[in-house]
Amino acid sequence: MASSPSSLLWFVICMFCSVMAAFAANFYEEFDLTWGNDRAKVLDKGQLLTLSLDKASGSGFKSKNEYLFGNIDMQLKLVPGNSAGTVTAYYLSSLGSTHDEIDFEFLGNLSGDPYILHTNVFSQGKGNREQQFYLWFDPTADFHTYSILWNPQNILFSVDGTPIRVFKNLEAKGVPYPKKQPMRIYSSLWNADDWATRGGLIKTDWSQAPFTASYRNYDASNACVWSSSGTSSCNSKSPSSINNNPWMKHELDSTSQARLKWVQKNYMIYNYCTDIKRFPEGLPPECA
């Protein structure tokens, strides 16, 4: 008997889901749960990771690998409801007082009010490069993809494939750029009600705890793993290796630049490069 169209559609959907699951990285293999005890959990045979926060503690994880350049994706579903006072951080970082860091931080808010996506870039221990955005969707209703493309030319922050921020390599202007220190991926869910929501005016409502953020479909297949012996899986000194990794030379084309301008015009709510009061002696050189 011939299969019905609905049966064929269901078969195709199941096959697609199976393929996606096969290619998604396994959280057991890629990450260590670093704090929070059983508040951090790996579920669904390694395909899902959750972090929780209660009044006693938050939780966090870090990647087993270090990376020196990469195009890295993670899907997150943020804390729903009244998330005021909570911060979900997802970032790359090295260690030490002169560390490099590339940040996504999601600042919770009262029910019905939008999350604030806070971004920052540290190079050689210096940060203070904040840009903040509202999102054009509810980040608690479903999973969305947050991406960091980091190569020798620029750092590109993207949400669901839409660029929201670019930090360019401007070493020629004396601006340090993260390019020598390998970094791990970190994420944490923690209480920051002394500053996170309306400057600390809105406190965490612990009657809503536990607060939970979820992660899936981590992909660092296009990233250069840094070994303990000081070598890169990309062997970036080899021209043939660079040619095999087009993201290593990726910069925004005209279409992506237009999309970036759309986001920054409609959804950016803070830009350190326009904060004259904060920098009375002159804006940082990368802002020129």
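Before reading on, note that the structure itself is shown above.
This one's a predicted model, so the numbers in the text were calculated from it and none came from an experiment. Per chain, residue numbering runs from 1 following the sequence as it is written. For this predicted model, a pLDDT threshold of at least 70 governs which residues receive local features, and a threshold of 80 or more governs which side-chain atom pairs are given and counted, while totals over whole chains, interfaces and linings are taken from all residues. Values reported for side chains reflect all heavy atoms of the structure, with hydrogen atoms and water molecules removed beforehand.

S.K.: Explain the overall build of the protein to me, please; I cannot follow it from the model alone.
M.R.: Counting from the N terminus, the helices are the DSSP runs of H or I reaching at least four residues and the strands are the DSSP runs of E reaching at least two. The number of helices and strands found in the protein is four helices and 15 strands. The cut-offs for exposure are 20% and 50% of the maximum accessible area for each residue type, with area from a 1.4 Å probe on protein chains only; residues under the lower value are buried, those over the upper are exposed, and the others partly exposed. A total of 288 residues make up the protein; the buried ones form 48% of that total. In this analysis, two residues are considered to be in contact whenever any of their non-hydrogen atoms come within 4.5 Å of each other. Partitioning the intrachain contacts of the protein with sequence separation of at least 6 by distance along the chain shows that 65% fall at a separation of at least 24. Accessible surface area values rest on a Shrake-Rupley calculation with a 1.4 Å probe, where residue burial reflects the displayed protein chains alone. Only carbon and sulfur atoms are counted for the fraction: they give 53% of the accessible area of the protein, which is about 14,700 Å².

S.K.: Would you take a moment to explain the sheet that holds strand S12 (residues 162-168) for this structure?
M.R.: Picture the strands of a sheet paired through backbone hydrogen bonds; they go either parallel or antiparallel. Spatial ordering of the open sheet is given by S2-S3-S14-S5-S10-S11-S12, a layout of seven strands whose pairing is antiparallel. At either margin of the open sheet sits one strand with a lone partner, and together these are strand S2 (40-43) and S12. With strand direction ignored, the average angle separating the axes of adjacent strands in the sheet is 20 degrees. The criterion for strand pairing is that DSSP finds at least two bridges linking the strands in question. Relative to S12, strand S11 (residues 154-159) is paired through six bridges, and the arrangement is antiparallel. Paired with Asn154 across the strands is Lys168, a residue of S12. Under this scheme, a helix contributes an axis fitted over its contacting stretch, all axes are lines through C-alpha atoms, and angles between N-to-C directions fall in the 0 to 180 degree range.

S.K.: What's the story with the side chain of Arg39 in this structure? I'm lost.
M.R.: Tracing the backbone through its elements, the reader meets Arg39 in the loop between strand S1 (31-35) and S2. Residue Arg39 is classed as buried on the basis of its relative accessible area of 17%. Here a polar contact means two N or O atoms within 3.5 Å. Within protein one must be a hydrogen donor candidate and the other an acceptor candidate, and residues neighboring in sequence count only if both atoms are side-chain atoms. Of the polar contacts made by the side chain of Arg39, one reaches the side chain of Asp54; its length is 3.0 Å. The contacts of Arg39, once residues within four sequence positions are left out, are Thr50, Leu51, Ser52, Asp54, Ala56, Ser57, Gly58 and Ser59.

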